[in-house]
Amino acid sequence: MPDDRFIMLGDAQTRPGRVPLPPAFAVKARTEDTGGSFSLLEVSVAADIPRHVHLHADECIYVLEGVLGVDFEDRTYTASAGMFTLLPQGVPHALRRISTPPPRVLQISSPGGWERYLEDLFEAGPTVLTGGVLDPVKINPIAARHGIRYEERPWCATPDTGG
């Protein structure tokens, strides 16, 4: 077993990156740590993540604490602590904070690269915001470099009634 790839992080430790990320985005495994296979982050979903699609990556979300809204295609789901969702590549989705405090999740992207996108996004600073909120029109040029596309029109999902 090649021990040059072995990583063990203590409580609250993160993997350093090119650009420091806010504490809400704790990188546990970077893309280069996994040979490109995946990236793993512990995320506090303090702000809604607009509807978007990953063109090349599957996204996995495991809810550690709180309640997360998941808009997938034209349906809305609620995921609470202990629940898991797979968001396959090519399918539009959005994530919303439902609980207070915000939901805390493990987020895996396969193949990796999600942390690189976040670094580029945070490096851009407030230029990607309109009125203090993420603006899909301003995010898309950065996201496109990472195989991600945000919808640029308002969208509302149909709640899942369980039937």
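Residues numbered from 1 in each chain as written. Predicted model: local features only at pLDDT ≥ 70, side-chain atom pairs only at ≥ 80, totals over all residues. Heavy atoms only, no water.

A. Up close: the environment of Ser39. Inspection of the secondary structure puts Ser39 in strand 2 (residues 39-44). Taking the relative accessible area as the measure of exposure, Ser39 reaches 0% and is therefore buried. Spatially, the C-alpha atom of Ser39 lies 16 Å from that of Leu121, the residues being 82 residues apart in sequence. Ignoring any residue separated from it by four or fewer positions in sequence, one finds Ser39 in contact with Ala29, Thr31, Gln107, Ile108, Ser109, Gly112, Gly113, Trp114 and Glu115. Engagement of the side chain of Ser39 in a polar contact is seen with the side chain of Glu115, the distance being 3.4 Å. (Helix = DSSP H or I, 4+ residues; strand = E, 2+ residues; numbered from the N terminus. Buried < 20%, exposed > 50% of the residue type's maximum accessible area, 1.4 Å probe, protein only. Contact = heavy atoms within 4.5 Å. Polar contact = N/O pair within 3.5 Å; in protein donor to acceptor, adjacent residues only side chain to side chain.)

B. Quick look at helix 2 (residues 136-144). Here helix 2 has its buried residues at Pro136, Ile139, Asn140, Ile142 and Ala143. Where helix 2 is buried, its residues contact strand 3 (49-54), helix 1 (114-124), strand 11 (133-134) and strand 12 (148-150). Of the residues flanking the start of helix 2, the one acting as N-cap is Asp135, its side-chain oxygen 2.9 Å from the backbone nitrogen of Val137.

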